[in-house]
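Overview (structure and organization)
Each chain, letter by letter, is given below.
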Amino acid sequence: MGNKNSCSCIYSPKSRKPEDAYRPAAQPRSEEVGMEPKNQSLSSLHGVPHISDREILPEDNVGDPSIHPLAKPIFSSRSQSEINRSKSRRRADVRSRHADNKNRRRSQYDNRILQVQAPPPTALKKFSSCSTIFIDDSTVSQPNLKNTIKAVAYAIYFHIKNRESNRTIEIFDEKLHPLSREIVPEDYDSRDPEHKSIYRFVRNLFSAAQLTAECAIVTLVYLERLLHYAEIGIMPANWKRIVLGAILLSSKVWDDQAVWNVDYCQILKDIAVEDVNELERQFLELLQFNINVPSSVYAKYYFDLRALADANELSFPLEPLSKERAEKLEAMSNDGTISNLWQKPTLLRSNSLDAMTTNPRLSVAILS
């Protein structure tokens with residue numbers, strides 16, 4: 001105690017600054033935990049796998065747009081040149097119209113007696129503003145039937161027009177397996193069909209069988225999956241039977257009450273039920289019995305079809321958004337029905353102090 005040569009050293013922890021209380025605690029290293037960070041799931045909830053972990057795709061299907069959600073659809077790439085051509089044509093028309101108007105004004109200034117004919121009025125496009133919102137009733141869960149069929153017909157039209165292969169299979173040849181008793185013309189395999197004839201054929205099948213718009217999107221997915229798997233091309237000689245086979249499968253996979261094959265014989269009238277059965281069987285074999293359509297692939301085809309329709313000046317009907325339409329769209333987005341519009345909102349029970357620590361979104365209460 002009284003020895004001046006002795007000393008005692010006491011090591012105390014470093015003083016903690018006030019701002020350190022707001023810093024997060026140090027995370028343990030990956031070596032200590034025994035798990036590398038790259039193997040951790042991207043999900044924020046414990047025990048719930050991320051969507052990228054649930055949809056495990058094989059490496060062989062990276063280039064298949066009907067399976068991989070990131071692959072670009074075939075019709076989108078084949079219609080891109082036509083879309084660029086139509087855009088350049090539109091720009092050239094606008095430039096020539098401006099030049100004509102300028103020349104007319106100059107000649108009218110020089111010759112005041114000359115009467116200049118006004119240019120034809122162009123269709124006005126509706127745009128949303130702060131007070132009015134223009135929106136269509138087509139959603140990814142319930143698309144517009146008429147415009148969706150028109151967009152699918154455009155996709156088939158560009159498939160035929162910009163095809164990369166003329167290889168086909170016997171079951172799809174319309175001359176070997178005709179759909180009607182009419183004589184097939186000699187140039188049936190060289191004359192490309194117009195968009196109107198494709199739309200008329202698909203619309204008649206959908207209206208007679210009472211199919212939905214979602215079935216049209218799945219039809220296009222099966223069509224492109226067939227082209228990818230069988231390595232064939234859709235052309236004037238086989239497009240009707242390929243589309244018919246895709247509609248057969250999509251109606252049975254998507255709709256709860258599917259149309260029987262004999263019903264399609266009553267729609268087309270001149271085709272035998274044995275031919276329809278054989279067409280469906282070989283279509284399934286060429287697809288390798290892969291009829292699964294992921295939700296991400298379905299959404300990709302829906303939005304690409306909307307972009308194709310907009311590029312070909314096929315706009316969906318726009319109407320001002322009212323309160324009733326907003327509630328209807330919200331109900332359609334939730335469960336596809338409007339029954340919950342008239343339900344009274346239920347009262348939510350508030351959490352007690354004891355249950356606050358069980359919710360990871362809430363902060364922990366500290367009682368002193």
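Residues numbered from 1 in each chain as written. Predicted model: local features only at pLDDT ≥ 70, side-chain atom pairs only at ≥ 80, totals over all residues. Heavy atoms only, no water.

Two quantities define a packed helix pair, namely the angle between the helix axes and the distance between the axes. At their nearest, the axes of helix H9 (residues 261-268) and helix H10 (residues 273-286) sit 9 Å apart, and the two run at 120 degrees to each other. In terms of orientation, H9 and H10 fall into the oblique class. Two packed elements cross with a definite hand, and for H9 against H10 that hand is right-handed. Of the residues in H10, those touching H9 at Asn-261, Val-262 and Cys-265 are Val-273, Val-276, Asn-277 and Glu-280. A per-class count over the contact of H9 with H10 returns four nonpolar, two polar and one charged. (Axes fitted to C-alpha atoms, helices over the stretch in contact; angles between N-to-C directions. Helix = DSSP H or I, 4+ residues; strand = E, 2+ residues; numbered from the N terminus. Parallel < 35°, antiparallel > 145°, perpendicular 65-115°, else oblique. Left-handed = near helix turned anticlockwise from the far one by under 90°. Contact = heavy atoms within 4.5 Å. Nonpolar A, V, L, I, M, F, W, Y, C, P; charged D, E, K, R; others polar.)

On to the confidence of the model for the chain. With 61% of its residues at a pLDDT of 70 or more, the chain shows a mean pLDDT of 74. In the predicted structure, residues 358-368 sits below a pLDDT of 50 and forms seven contacts with residues beyond four places in sequence or in another chain. (pLDDT = per-residue confidence, 0-100.)

Considering only enclosed or pocket space, the second largest pocket measures out at about 640 Å³ in volume. Lining the second largest pocket we find 23 residues, and of these Glu-174, Ser-180, Glu-182, Trp-239 and Lys-240 sit closest to its centre. Elements supplying a minimum of two residues to the lining of the second largest pocket: helix H6 (195-209), helix H8 (239-254) and H9. For the lining of the second largest pocket, the leading source of residues is H6, giving five residues. (1 Å grid on protein atoms, 1.4 Å probe; cavity = no way out; pocket = protein on both sides within 12 Å on 5 of 7 lines; lining within 4 Å. Points joined across faces, edges and corners; volume = space filled by probe spheres on them.)

With 16 residues, H8 should reach 22 Å at 1.5 Å per residue; the first-to-last C-alpha distance of 22 Å fits that figure. A large share of H8 lies buried, amounting to twelve of its 16 residues. Burial in H8 covers these residues: Trp-239, Arg-241, Ile-242, Val-243, Leu-244, Gly-245, Ala-246, Ile-247, Leu-248, Leu-249, Ser-250 and Ser-251. Check the buried side of H8 and you find it contacts helix H5 (145-161), H6, helix H7 (213-230), H9 and H10. (Expected span 1.5 Å × (residues − 1). Buried < 20%, exposed > 50% of the residue type's maximum accessible area, 1.4 Å probe, protein only.)

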